[in-house]
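A closer look at the structure
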Amino acid sequence: MAQKTPGSTVVQPLAGPIDCACVIHGDGYSWDYVEKLYSMLNRNITPGIRLHVYTEESRSVPKHMIKHPLIDLGISGPKKSWWYKMQLFKDRKSTRLNS
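Values in this document were obtained by computation on a predicted structure and should not be read as measured data.

Looking now at the side chain of Thr55. One can find Thr55 in strand 4 (residues 49-55). At 3.0 Å, the side chain of Thr55 forms a polar contact with the side chain of Glu56. Among the polar contacts listed, one links the side chain of Thr55 to the side chain of Arg59, at a separation of 2.9 Å. Sequence-distant contacts of Thr55, that is, excluding residues within four places in its chain, are made with Ile24, Val61, Lys67, His68, Pro69 and Leu70.

Time to look at the sheet that holds strand 3 (residues 18-24). Strand order across the open sheet formed by three strands is 3-4-5, with parallel pairing between neighbours. Unpaired on one side and paired on the other, strand 3 and strand 5 (65-69) mark the two borders of the sheet. Taken over all neighbouring pairs, the strand axes of this sheet differ in orientation by 25° on average, direction set aside. Taken together, the five bridges between strand 4 and strand 5 define a ladder with parallel strand orientation. Each bridged residue has a counterpart across the sheet, and for Thr55 the counterpart in strand 5 is Pro69. Its contacts with the sheet place helix 1 (residues 31-44) against strand 3, strand 4 and strand 5, and it is angled at close to 160° to strand 4.

The rules behind the values
Residues numbered from 1 in each chain as written. Predicted model: local features only at pLDDT ≥ 70, side-chain atom pairs only at ≥ 80, totals over all residues. Heavy atoms only, no water. Helix = DSSP H or I, 4+ residues; strand = E, 2+ residues; numbered from the N terminus. Polar contact = N/O pair within 3.5 Å; in protein donor to acceptor, adjacent residues only side chain to side chain. Contact = heavy atoms within 4.5 Å. Pairing = 2+ DSSP bridges. Axes fitted to C-alpha atoms, helices over the stretch in contact; angles between N-to-C directions.

Given below as structure tokens:
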């Protein structure tokens, strides 16, 4: 990822870390999946990354990642975890999805 300087053919690298996010809910994936994702992203993105992890309130997240607790939507069924991805687009100022 780089930025092109207007009027120039020189491409400048980005100055700071890139924000990346993942959602881990329930027991469909182990925590190893998140660690592998972090490692791959950090290895391949030059300015480094900040990984935002959206997960249950009770799950601990290492200090080098940023935890965002998921709101319990009370959904059941085989695709319940899919719906928690909506919270990636939630207004950060509100505490409810429909606020």
